[in-house]
Amino acid sequence: MGRRLRFIPSGGCLVEVTNRTIQGRFLLKPGQQLNELLVGVLGRAQRLYGVRLHAFVVLSNHYHLLMTVDSALQMAQFIAYFQGNLAREVGRLYNWRGPFWHRRYQHILVSDEETVQVARFRYILANSCKEGLVSSPLDWPGVSSVRTLLLGEETRGVWVDRTQERLAGKQGGNNRPRIRQIETVSMSSLPCWKHLDSEVQRHRIQELVDQIRAETEVRHQAEGTRPVGVLRILHLDPHTRPRQSKSSPAPLFHCASKQVRDAFREAYGLFCTAFRQAANRMRGSEALVVFPEGAFGPPPHKHPPR
């Protein structure tokens, strides 16, 4: 089965992006240094490529981002920068060599329907609780947007300029300095809530957090279990591979109504047809090939030398 084409409707769209570490290993295990580096990479990627972040969470072996992007190219550049630099920084920190990500990232389009947007927002807030790790989203010791959204705390991290670090090291011998910059992740209102006052938005987020906390408590009582807890999470070996790793096919779209879903499917079908026609013309060595709006074409076909 071929890869899905990266599709963003004209004018931009809300998307949910996720990816998992190789074999589900706990390479994103929380810790002060990892958290600072991760937020630094995320903040720098956002500053360079201009995506609007609405919610995010990074668990020990996967992440979720809810964001608005203008085009497939913008999304691809942002994710490539974020994932590539994060993998390198984590590799240095946790002494990991080899592949880092389990697969290509998944992106799912989210409709304009308020019920759908709030549901995906809530889903991201509930990560760490629904896995049985902590009792409340506020208890998660890793990187999450919940404290910024609910308490107004600034999400700041550290970007280490490895290029300048290497250059300075060559000039100064073996004493290589660490050239660090502070990067801040900025948050944007959920599109369906942007007309609301900030206090109203914060109240709605508090209600969602309270619901998640209550549901988590009821579930543990019914199952006779309790959360893993912060101490055990922080003492995980990042190279550990879990015994079981959940994985399920991702939908193309998050929609509430059949009408909206059908409209997305039709637009995606037309996009795929136009994209493949343009790609075929490019392979046929046509001089001027135009890909559909919002797309970016494959690299030019290279003929083998004769």
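Structure first, text after, so check above.
First, a word on what this report is: a plain description of the structure on this page. (Residues numbered from 1 in each chain as written. Predicted model: local features only at pLDDT ≥ 70, side-chain atom pairs only at ≥ 80, totals over all residues. Heavy atoms only, no water.)

### A word on the overall build of the chain
And step 1. Broken down by element type, the chain carries 8 helices and 7 strands.
And step 2. Taken over C-alpha atoms, the radius of gyration comes to 21 Å for the chain, in line with the 19 Å a tight globule of 306 residues would show.
And step 3. For the chain, the spread of C-alpha atoms along the principal axes amounts to about 65 × 65 × 40 Å.
And step 4. Counting only residues that meet the buried cut, the chain has 48% of its 306 residues in that class.
And step 5. The long-range share in the chain, meaning contacts at least 24 apart out of those at least 6 apart in sequence, stands at 75%.
And step 6. For the chain, the accessible surface area stands at approximately 16800 Å², while carbon and sulfur atoms represent 50% of it. (Helix = DSSP H or I, 4+ residues; strand = E, 2+ residues; numbered from the N terminus. Rg over C-alpha atoms; globule rule 2.2 N^0.38 Å. Buried < 20%, exposed > 50% of the residue type's maximum accessible area, 1.4 Å probe, protein only. Contact = heavy atoms within 4.5 Å. Areas by Shrake-Rupley, 256 points an atom, 1.4 Å probe, with all protein chains shown as cover.)

### With respect to the packing of aromatic side chains
And step 1. In this structure the tally under the stated criterion is 13 aromatic pairs.
And step 2. A ring pair is formed by phenylalanine 7 and phenylalanine 271, whose centres lie 4.9 Å apart and whose planes are at 45°; its orientation type is tilted. Within this pair, whereas phenylalanine 7 is found in the segment before strand 1 (13-20), its partner phenylalanine 271 is found in helix 8 (residues 258-283), the two being separated by 264 residues in sequence. This pair shows no difference in class: phenylalanine 7 is buried, exactly as phenylalanine 271 is.
And step 3. A ring pair is formed by phenylalanine 78 and phenylalanine 82, whose centres lie 6.3 Å apart and whose planes are at 10°; its orientation type is stacked. In this pair, phenylalanine 78 and phenylalanine 82 both sit in helix 2 (residues 72-94), 4 residues apart, roughly one turn of the helix. (Phe/Tyr/Trp six-rings, centres within 6.5 Å; stacked < 30°, edge-to-face > 60°.)

### Here we look at the nonpolar core
And step 1. Judged by nonpolar contacts, the single largest core of 53 residues is most densely connected at Val17, Tyr63, Leu65, Met67, Met75 and Ile79.
And step 2. Listed by contribution, the elements that provide at least two residues to this core are strand 1, helix 1 (32-49), strand 2 (52-58), strand 3 (62-69), helix 2 and helix 8.
And step 3. Once residues lying within four places of it in the same chain are set aside, the contact partners of tyrosine 63 are Val17, Thr18, Asn19, Val57, Val58, Ile79, Phe82, Gln83, Trp101 and Tyr105.
And step 4. Core analysis: the second largest hydrophobic core is formed by 29 residues, Leu59, Val110, Ala126 and Val134 among them. (Core = buried A, V, L, I, M, F, W, Y, C linked by side-chain atoms within 4.5 Å.)

### Comments concerning empty space enclosed by the protein
And step 1. The final tally for this structure, using the stated rule, is 1 cavity of 30 Å³ or more.
And step 2. Here the largest cavity is characterised by a volume of approximately 50 Å³.
And step 3. Residue lining of the largest cavity: Phe56, Val57, Ile124, Leu125, Asn127, Ser128, Pro137, Trp140, Ser144, Ser145 and Val146, and that is the complete set.
And step 4. Going through the elements one at a time, strand 2 and helix 3 (114-126) are the ones with two or more residues in the lining of the largest cavity.
And step 5. Residue composition of the lining of the largest cavity, grouped by class: 7 nonpolar, 4 polar and no charged. (1 Å grid on protein atoms, 1.4 Å probe; cavity = no way out; pocket = protein on both sides within 12 Å on 5 of 7 lines; lining within 4 Å. Points joined across faces, edges and corners; volume = space filled by probe spheres on them. Nonpolar A, V, L, I, M, F, W, Y, C, P; charged D, E, K, R; others polar.)

### Considerations on the pairing of strand 3
And step 1. Along strand 3, 8 of the 8 residues are buried, which leaves the element largely enclosed by surrounding structure.
And step 2. Burial along strand 3 is two-sided: the face carrying His62, His64, Leu66 and Thr68 and the face carrying Tyr63, Leu65, Met67 and Val69 are both buried.
And step 3. When strand 1 meets strand 3, the two strands line up antiparallel, connected through 8 bridges. Counterpart to threonine 18 in the pairing with strand 3 is histidine 64.
And step 4. Pairing between strand 2 and strand 3: 6 bridges, direction antiparallel. Its bridge partner lying in strand 3, leucine 53 is registered against methionine 67.
And step 5. Between the antiparallel neighbours strand 2 and strand 3 lie 3 residues. (Pairing = 2+ DSSP bridges.)

### Observations concerning the side chain of threonine 21
And step 1. Along the chain, the position of threonine 21 falls in the loop between strand 1 and helix 1.
And step 2. Within the structure, threonine 21 has its side chain in polar contact with the backbone oxygen of arginine 25 (distance 2.5 Å).
And step 3. Apart from residues no more than four positions distant in its own chain, threonine 21 is found in contact with Leu27, Leu28, Asn61, Phe100, Trp101 and His102. (Polar contact = N/O pair within 3.5 Å; in protein donor to acceptor, adjacent residues only side chain to side chain.)

### Comments concerning the packing of helix 1 against helix 2
And step 1. Between helix 1 and helix 2, whose axes approach to 9 Å, the crossing angle comes to 160°. Here helix 2 runs roughly antiparallel to helix 1, going by the angle between their axes. The handedness of the crossing between helix 1 and helix 2 is right-handed. For the pair helix 1 and helix 2, contact is made by Gln33, Leu34, Leu37, Leu38, Val41, Leu42, Arg44, Ala45, Gln46, Leu48 and Tyr49 and by Gln74, Gln77, Phe78, Tyr81, Phe82, Asn85, Leu86, Glu89, Val90, Leu93 and Tyr94, respectively.
And step 2. Considering only residue class, the contact of helix 1 with helix 2 consists of 15 nonpolar, 5 polar and 2 charged. (Axes fitted to C-alpha atoms, helices over the stretch in contact; angles between N-to-C directions. Parallel < 35°, antiparallel > 145°, perpendicular 65-115°, else oblique. Left-handed = near helix turned anticlockwise from the far one by under 90°.)

### Here's the deal with the sheet that holds strand 7 (residues 253-254)
And step 1. Taken in spatial order, the 5 strands make up an open sheet running 2-3-1-4-7, and their pairing is mixed. Both edges of this open sheet fall to strand 2 and strand 7, since each of them pairs with a single strand only.
And step 2. Where strand 1 meets strand 4 (residues 106-110), 5 bridges bridge the pair, whose relative direction is antiparallel. Directly across from glutamate 16, in strand 4, lies its bridge partner isoleucine 108.
And step 3. Contacts between helix 2 and the sheet are confined to strand 1, strand 2, strand 3 and strand 4, with strand 3 contributing the most and set at about 150° to the helix.

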